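# Fold and contact review
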Amino acid sequence: MGVEQAPTAKGKQAARGLKQAAAKDERKTEAETGRPLKKGAARFEERSKSSDGKSAGTKQKS
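What you see is a predicted model; the values in this text were computed from it and never measured. (Residues numbered from 1 in each chain as written. Predicted model: local features only at pLDDT ≥ 70, side-chain atom pairs only at ≥ 80, totals over all residues. Heavy atoms only, no water.)

## Re the overall build of the protein chain
When helices and strands are tallied, the protein chain shows three helices and zero strands. Listing each helix as α and each strand as β along the protein chain from the N terminus yields α-α-α. Out of the 62 residues belonging to the protein chain, those deemed buried represent 13%. Counting only carbon and sulfur atoms, one obtains 55% of the accessible surface of the protein chain, whose full area is about 5200 Å². (Helix = DSSP H or I, 4+ residues; strand = E, 2+ residues; numbered from the N terminus. Buried < 20%, exposed > 50% of the residue type's maximum accessible area, 1.4 Å probe, protein only. Areas by Shrake-Rupley, 256 points an atom, 1.4 Å probe, with all protein chains shown as cover.)

## Observations concerning helix H1 (residues 9-33)
Between the first and last C-alpha of H1 there are 36 Å, a value that for 25 residues agrees with the 36 Å anticipated at 1.5 Å per step. In the segment just after H1, Gly 34 is the residue with positive phi, at about 80°. (Expected span 1.5 Å × (residues − 1).)

## Section: the pattern of salt bridges
Enumeration according to the criterion identifies two salt bridges in this entry. Lys 39 serves as the salt-bridge partner of Glu 26, at 2.6 Å between the closest nitrogen and oxygen. On the criterion of sequence distance, the pair formed by Glu 26 in helix H1 and Lys 39 in the loop between H1 and helix H2 (40-52) is long-range, its members being 13 residues apart. Residue Lys 39 pairs with Glu 30 through a salt bridge whose shortest N-O separation is 3.6 Å. Since its relative accessible area comes to 48%, Lys 39 is described here as partly exposed. Residues joined by salt bridges that share partners form a network here, namely Glu 26, Glu 30 and Lys 39. (Salt bridge = Lys/Arg side-chain N within 4 Å of Asp/Glu carboxyl O.)

## So, the confidence of the model for the protein chain
On average, residues of the protein chain score 80 in pLDDT, and 85% of them are at 70 or above. Helix H3 (residues 56-61) is the least confidently modelled element of the protein chain, averaging 69 in pLDDT, while H1 averages 89, the highest of any element. (pLDDT = per-residue confidence, 0-100.)

## Structural notes on the environment of Gly 17
Within the fold, Gly 17 resides in helix H1. The exposure class of Gly 17 is partly exposed, given its relative accessible area of 33%. Considering only alpha carbons, one finds Gly 17 and Val 3, 14 residues apart in sequence, at a separation of 9.3 Å.

Set out below in structure tokens:
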């Protein structure tokens, strides 16, 4: 849920905090690996392969 879509002030605050924490974690990971993380569909595919070495399409076919 986006910050602007949250129905309550508390929800907006929580969404903002989550977004900041995710950005901080992404910067940390990029610093550790020495390269930027992939974005969008490429990132989805990278994460899918990292779990068991198979692509998302291959997993759906099985």
